[in-house]
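# Examination of the molecular architecture
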Amino acid sequence: MEHEQTIPEQRKEGESAPESDTSAIPVPRRRRAGRATLLIAGAAVLGVLAGTVTGYAVQYHREPTPLPPLAQQKMDGPKPAAMNDATSRRSINATRWHKADEDLAKKLLDLPGGAQDSFSGPVSTDAFSADYFLQPSQAVGSLIRDAKRLATARWSENDRNFIEVNLLQFRDRGGADDFYTEIVQYMPDKDHAGNTGKDLPGAPADFGHMWIDSKAHEEPGYHPLRQGRAVVRRGDIVMSIEYTNNRGEVDEKALVELAQRQMERL
């Protein structure tokens, strides 16, 4: 038997619709995980933690796995030696030099007998720049780019004369010519020699020059310092000799003799 449908009576004109009863509308409730689901999830987490701890415990008692050997285990060259009376900068810092540097160092003048504070050998670019330039940070970049090898010999005589010989071999003659030309240009400044100097006897014109400071550099409490300098370019090598006297006098003849002997070695 069909159920009879109840048709609501039509509202009379002017009557408002009754307010809806929201309390009668069922609100869906959040589904809660069952107890069994929570137990399974907790067991899974405990299983992962237990497995991790067990793995660490097993690995802790094992011997460490050795790493594969490097492709180049031994490098040719002398090992750095501990400092003693028989060592030099070359032996202490053996890993900083290249064997080809020795060829240029062999062209340096031999140290005179009885020389004090002596050193002779190849030098690194940064060490040379720190000793040679007034502003090393502005010059070391171009020197690294253009220079190929550097070597220095220095000694003192009678605690009055201090000699330093520098040989700079560049990658081409252009680099050597630029370095030589820069020296010739700035030496007449008052902060350097203060004069134009003169040609170096025995050196070709425009390839050798020498200067002696116009006046000694004096400071209170210090001996007056005066310096003589000779510079020569030969091929891709520039030779620079600095002769400093701490009594304000430079022996020009001794400077010329040193320069000529060094030119013969080149």
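Residues numbered from 1 in each chain as written. Predicted model: local features only at pLDDT ≥ 70, side-chain atom pairs only at ≥ 80, totals over all residues. Heavy atoms only, no water.

Now for the side chain of N166. Position of N166 among the secondary structure elements: in strand β3 (residues 161–170). In this structure the side chain of N166 is engaged in a polar contact, spanning 2.8 Å, whose partner is the side chain of T152. When neighbours within four sequence positions are excluded, N166 is seen to be in contact with F128, Y132, A151, T152, V238, M239 and S240. (Helix = DSSP H or I, 4+ residues; strand = E, 2+ residues; numbered from the N terminus. Polar contact = N/O pair within 3.5 Å; in protein donor to acceptor, adjacent residues only side chain to side chain. Contact = heavy atoms within 4.5 Å.)

Turning to the nonpolar core, a few remarks are in order. V165, L200, M239, I241, Y243 and L258 are the most contacted members of the largest nonpolar core, which totals 26 residues. Mapped by element, the contributors of at least two residues to this core are α3 (101–105), β2 (147–157), β3, β6 (226–234), β7 (237–245) and α7 (252–265). Considering every element that reaches this core, the biggest residue donor is α7, with six residues. In contact with Y243, other than residues within four places in its own chain, are N161, F162, I163, R226, Q227, G228, V250, D251, A254, L255 and L258. If you look at the next biggest cluster of nonpolar residues, it comprises 20 residues, including F128, A139, L168 and I183. (Core = buried A, V, L, I, M, F, W, Y, C linked by side-chain atoms within 4.5 Å. Buried < 20%, exposed > 50% of the residue type's maximum accessible area, 1.4 Å probe, protein only.)

Let us now look at the sheet that holds β6. Adjacent strands of a sheet pair through backbone hydrogen bonds, lying either parallel or antiparallel. In space, the seven strands of this open sheet follow the order β1-β2-β3-β7-β6-β5-β4, with antiparallel pairing throughout. The open sheet has two free edges, formed respectively by β1 (116–122) and β4 (198–199), since each of these has just one partner strand. Bridge count for β3 against β7 is nine bridges, and the pairing is antiparallel. Paired with L167 across the strands is M239, a residue of β7. Sheet contacts for helix α4 (residues 125–132): β2, β3, β6 and β7; angle to β2, the most-contacted strand, approximately 50°. The strands touched by α7 are β2, β3, β4, β5 (208–212), β6 and β7; relative to β7, the strand with the most contacts, the crossing angle is about 155°. (Pairing = 2+ DSSP bridges. Axes fitted to C-alpha atoms, helices over the stretch in contact; angles between N-to-C directions.)

Note that all results are geometric; they support no functional claim without further evidence.
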